[in-house]
Amino acid sequence: MPVQPDSPRIRLTVGLGTPGPDYAATRHNAGAWFLDAVCRQMGVYLAAERGFLGEVARARADAERAAGALAAQPRRIASGHLHGPGVAVPPVSPGLQRRTLLVVLVCGLLLFLWRLGSTGLVDETPPLFAASARAMAESGDWLIPRVNGLPRYDKPPLVYWAMGALYALPGQAVWNPLGTWASCLPSALACMGVMLSLAHTLLRWPQAERRPGVTAVTAALAFGLSPLVLLWGRVAVSDALFSALVAGSMLLAWRAIAEPRHPLWPTWLVLGLAVLTKGPVAVVLLGLTLLLVGWSQGDLAGLWRRLRPIPGLLLTAVVALPWYGAALLVEGEPFWRSFFGYHNLQRFTAVVNDHLQPWWFFGPVLVVASLPATPLLLLGLIRAIGPLSPS
């Protein structure tokens, strides 16, 4: 049947790629780079679809927009790299990745491990965390954190488990004489992990061909030199570990969006660990972030298909819910009222611990917290408004 002149045209674009790290930065993936750039220019996502051995994306666009999306793509391939505006820059060489990550690791060691714990435990909360973790290691009761035999229901157990595992190691008098190094180490390692994850993400998906290693190191230091990160990365509380796990789940979700062949399950597994660190607020934070991303791209349905949150949240529940169920079974109503009632619901609906601040309070806090990179952060946020671009 002949196509009528006014019938909508259907254009099929196929991009071929070769899976595996050996081909990641070679011309064998030129077709996949091209198709990924086209999809991002048109604000859609590639996602697995039943019946296809690959990923599929659909977009409705007028002829002018579709032509513009294709016109913005490259016209030449040189040395396995694509050149042109709006084009995904291939990952840097493995050698440069290793050298850059080594620099970031050294910076993290200096920022967070040098003289860690030398000041002892200060303020009210860190000693309670440390005492609970030490009690776990000494008593063998790893279910509920306790201080002087009294339960602490305010936080789930993951940070206590991490501290307690260190307290259970032999030779405490030699490497942990003050008892503070073991309790502060999880926070320090968490912040170092975020620095390395940020750098690796920017090396794997560089935003520009020029000096990607410098960009990765700069991003890692922008996080590590934040005054609040420097503070919480050396304190024996759960905030650093929780923030690192939420950041990790967000970065893994971004990787799954940027690279359709990237597995989805690590995003939801890390989210489950975050729920085990500070509660269901982790799900809220990741969910709001992804909703904002989908709304800004005008493709919530495509993002939903790509990230598959229903099976993902089931994996999160498999990771986190067993402890909650066991704690509720053993402790009963006191745990329910304290953890869910006071430390979760009431903290979001009422003022607790005299933490009453005006609605604008955290605006200046965020500006100060992002120092010394505040101008760069604001510039990046302004430039990021609009459809996601791989470059």
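Above this text sits the structure in question.
Being a predicted model, the structure only gives us computed values, none of them experimental.

What follows deals with helix H4 (residues 125-139). With 15 residues, H4 extends 21 Å from end C-alpha to end C-alpha; this agrees with the ideal 21 Å at 1.5 Å per step. Within H4, the full set of buried residues consists of Pro 126, Phe 129, Ala 130, Ser 132, Ala 133 and Met 136. Down the axis, H4 shows its buried residues gathered within 160° of arc, on one side only. Exposed side chains of H4 directed beyond 90 degrees from the buried face belong to Glu 138 and Ser 139. Among the structural elements, strand E5 (146-147), helix H5 (158-167) and helix H7 (181-204) are those in contact with the buried residues of H4. Gly 140, located one to two residues past H4, shows a positive phi value of around 80°.

Turning next to a nonpolar patch on the surface. A cluster of nonpolar side chains, namely Val 284, Leu 288, Leu 291, Leu 292, Trp 295 and Leu 300, defines an oily patch on the protein surface of about 650 Å² accessible area. The leading source of residues in the nonpolar patch is helix H12 (residues 281-297), at five residues. Along the chain, Leu 291 turns up in helix H12.

What follows concerns the packing of aromatic side chains. Tallied over the entire structure, the rule returns six aromatic pairs. Seen from their ring centres, Phe 129 and Tyr 160 are 5.1 Å apart, and the 10° between their planes marks the pair as stacked. Of this pair, Phe 129 sits in helix H4 while Tyr 160 is found in helix H5, placing the two residues 31 residues apart along the sequence. An identical accessibility class is assigned to Phe 129 and Tyr 160; each is buried. Seen in terms of ring centroids, Trp 323 and Phe 335 are 5.6 Å apart; in terms of plane orientation they differ by 80°. Their pairing is edge-to-face. With Trp 323 in helix H14 (residues 309-331) and Phe 335 in helix H15 (residues 333-349), the pair connects residues that are twelve residues apart, well separated along the chain. Each member of the pair, Trp 323 as well as Phe 335, carries the same accessibility label: buried. Put simply, the rings of Tyr 153, Trp 323, Tyr 324 and Phe 335 pair up and form one aromatic cluster. One cation-aromatic arrangement involves Arg 152 over Phe 129; the distance from NZ or CZ to the ring centre is 5.2 Å. Positioned over the ring face of Trp 205 is Arg 204, at 4.7 Å from the centre of the ring.

It is worth spelling out helix H11 (residues 265-278) at this point. Its 14 residues place the ends of H11 21 Å apart at the C-alpha level, agreeing with the 20 Å of an ideal helix rising 1.5 Å per residue. Of all the 14 residues making up H11, ten are buried; the element is thus mostly covered by neighbouring parts of the structure. Among all positions in H11, only Pro 266, Thr 267, Trp 268, Val 270, Leu 271, Gly 272, Ala 274, Val 275, Leu 276 and Thr 277 are buried. Where H11 is buried, its residues contact H5, helix H10 (239-258), H12, helix H13 (300-307) and H14. Looking one or two places after H11, you find Gly 279, whose phi comes out positive at around 105°.

This brings us to the pattern of salt bridges. Evaluation of the coordinates by the stated rule reveals six salt bridges. Asp 141 is the salt-bridge partner of Arg 146, the closest N and O atoms lying 3.3 Å from each other. On the accessibility criterion, Arg 146 (25% relative accessible area) is partly exposed. Across the salt bridge formed by Lys 155 and Asp 154, the nearest N and O atoms sit 3.9 Å from each other. Residue Asp 154 is classed as buried on the basis of its relative accessible area, which comes to 14%. It is possible to trace a salt-bridge network through shared partners that takes in Asp 141, Arg 146 and Glu 331.

Bringing the packing of H7 against helix H8 (residues 212-224) into the picture now. Close contact between H7 and H8 brings their axes to 8 Å; oriented N to C, the two are set at 155°. Here H7 lies roughly antiparallel to H8, going by the angle between them. Classified by chirality, the crossing of H8 by H7 is right-handed. For the pair formed by H7 and H8, the contact residues are Cys 191, Val 194, Met 195, Leu 198, Ala 199, Leu 202 and Leu 203 on the first element and Pro 212, Gly 213, Thr 215, Ala 216, Ala 219, Ala 220, Leu 221, Phe 223 and Gly 224 on the second. Taken together, the residues of the contact of H7 with H8 break down into 13 nonpolar, three polar and no charged.

For the rest of this paragraph, the subject is the side chain of Asp 299. For Asp 299, the location among the structural elements is in the loop between H12 and H13. A polar atom in the side chain of Asp 299 sits 3.1 Å from the backbone nitrogen of Gly 302.

In this model, Leu 371 is joined to Pro 372 through a cis peptide bond whose omega is 0°. By secondary structure assignment, the location of Pro 372 is in the loop between helix H16 (362-369) and helix H17 (374-384). A positive phi angle is found at Asn 148, which is not glycine, with a value near 55°. The topology assignment puts Asn 148 in the loop between E5 and strand E6 (150-151). Of note, Arg 308 is a non-glycine position whose phi angle comes to about 50°, a positive value. Along the chain, Arg 308 falls in the loop between H13 and H14. Relative accessible area serves as the criterion here: at 49%, Arg 308 is assigned to the partly exposed category.

Thresholds applied
- Residues numbered from 1 in each chain as written.
- Predicted model: local features only at pLDDT ≥ 70, side-chain atom pairs only at ≥ 80, totals over all residues.
- Heavy atoms only, no water.
- Helix = DSSP H or I, 4+ residues; strand = E, 2+ residues; numbered from the N terminus.
- Expected span 1.5 Å × (residues − 1).
- Buried < 20%, exposed > 50% of the residue type's maximum accessible area, 1.4 Å probe, protein only.
- Arc of directions from axis to C-beta.
- Contact = heavy atoms within 4.5 Å.
- Patch = residues over 30% accessible without salt bridge, like charges linked within 9 Å, V, L, I, M, F, W, Y side chains within 5 Å.
- Areas by Shrake-Rupley, 256 points an atom, 1.4 Å probe, with all protein chains shown as cover.
- Salt bridge = Lys/Arg side-chain N within 4 Å of Asp/Glu carboxyl O.
- Phe/Tyr/Trp six-rings, centres within 6.5 Å; stacked < 30°, edge-to-face > 60°.
- Lys NZ or Arg CZ within 6 Å of the ring centre and 35° of its normal.
- Axes fitted to C-alpha atoms, helices over the stretch in contact; angles between N-to-C directions.
- Parallel < 35°, antiparallel > 145°, perpendicular 65-115°, else oblique.
- Left-handed = near helix turned anticlockwise from the far one by under 90°.
- Nonpolar A, V, L, I, M, F, W, Y, C, P; charged D, E, K, R; others polar.
- Polar contact = N/O pair within 3.5 Å; in protein donor to acceptor, adjacent residues only side chain to side chain.

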